[in-house]
Amino acid sequence: EKGLEDVAELSARSGWPIKVWGIMQDPGYWQQVCDEHPDARLEYCGFLATDDLQAAIGRCAAVVMTPKWVEAFGNVAIEAMATGVPVITYDRGGPAEIVVDGETGFVVPVDDVDALVAAVERIETIDRVECRRRVEEQFSTDALVQRVDEWLHEVVGAAARVPARRH
């Protein structure tokens, strides 16, 4: 579901090393991807505690998301950008709505490995400070509180404009 084969192909074509974190749910799939992409530079780094994962991601040039299904939100994109790391993602689901193409990463056509390679070649054009700023502006607790407060004011205002019903 995460499209590891596309990331392996990206590595094989670009020469970039790829680190993979998380629980290994299907070791056979991992081995198959490694076998089918012998030129890929893949490293499985295991499941890390949150602080350790954030530190590891913060040392990356980018986070690449190649989901084969529509991810509803995209926590990984926000977590990466919060550490100042740009995101390259397919134009599918929540991550594509979070990443500002050309500003906080790149949104590329679905299942287009050529576009992934091209995006990786341009990753140095992304301002890591802008990635962090965008998360603070749009996805921080303060931003959430402000949106909820605005929404509640709209709801209360709309309710005040509705005439009372007589029984």
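As a reminder, the structure under discussion sits directly above these lines.
Just so you know, these numbers come straight off a predicted model, no measurement behind them.

### Quick notes on the overall build of the protein
Within the protein one finds eight helices and five strands. Whereas a compact globule of 167 residues would reach a radius of gyration of roughly 15 Å, the protein reaches 20 Å, over 25% beyond that. The dimensions of the protein, computed from C-alpha atoms along their principal axes, are 75 × 35 × 30 Å. The proportion of buried residues among the 167 residues of the protein is 36%. Restricting the contact set of the protein to residue pairs at least 6 apart, pairs at least 24 apart contribute 58%. Total accessible area on the protein stands at roughly 10,300 Å², and carbon and sulfur atoms take up 52% of it. Each charge class in the protein can be summarised by its mean position, and for the 16 positive and 30 negative side chains these summaries are 7 Å apart.

### Some words on the pattern of salt bridges
In the structure shown here, the tally under the stated rule is 10 salt bridges. Arg13 is paired through a salt bridge with Glu9; the nearest N and O atoms lie 2.9 Å apart. Here Arg13 pairs with Glu9, and both are found in helix α1 (residues 4–14), just four residues apart, close to one helical turn. Accessibility expressed as a relative area gives 24% for Glu9, which makes it partly exposed. Counted as one network, the salt bridges with shared partners bring together Asp6, Lys68, Arg92 and Asp111.

### Considering the environment of Arg92
Relative to the helices and strands, Arg92 resides in the loop between β4 (87–90) and α5 (94–98). Counting along the chain gives 24 residues from Arg92 to Lys68, while the straight-line C-alpha distance between them is 8.4 Å. Other than its neighbours up to four places away in sequence, Arg92 contacts Pro67, Lys68, Trp69, Val70, Val110 and Asp111. Side-chain polar atoms of Arg92 contact the side chain of Asp111, separated by 3.3 Å.

### Focus: the sheet that holds β4
Read across the open sheet, the three strands follow the order β3-β4-β5; overall the sheet is parallel. One side of each edge strand has no neighbouring strand; the edge strands of this open sheet are β3 (63–65) and β5 (105–108). If you compare each strand with its neighbour and ignore which way they point, the axes differ by 10° on average. Where β3 and β4 come together, three bridges link them in parallel fashion. Bridging across to β4, Met65 finds its partner in Thr89. Strand contacts of helix α4 (residues 75–82): β3 and β4, with the helix running at about 165° to β3, the strand carrying the most contacts. Contacting β3, β4 and β5, helix α6 (residues 113–121) runs over the sheet at an angle of about 165° to β4.

Rules behind the numbers
- Residues numbered from 1 in each chain as written.
- Predicted model: local features only at pLDDT ≥ 70, side-chain atom pairs only at ≥ 80, totals over all residues.
- Heavy atoms only, no water.
- Helix = DSSP H or I, 4+ residues; strand = E, 2+ residues; numbered from the N terminus.
- Rg over C-alpha atoms; globule rule 2.2 N^0.38 Å.
- Buried < 20%, exposed > 50% of the residue type's maximum accessible area, 1.4 Å probe, protein only.
- Contact = heavy atoms within 4.5 Å.
- Areas by Shrake-Rupley, 256 points an atom, 1.4 Å probe, with all protein chains shown as cover.
- Lys, Arg positive; Asp, Glu negative; His and termini not counted.
- Charge placed at Lys NZ, Arg CZ, Asp CG, Glu CD.
- Salt bridge = Lys/Arg side-chain N within 4 Å of Asp/Glu carboxyl O.
- Polar contact = N/O pair within 3.5 Å; in protein donor to acceptor, adjacent residues only side chain to side chain.
- Pairing = 2+ DSSP bridges.
- Axes fitted to C-alpha atoms, helices over the stretch in contact; angles between N-to-C directions.

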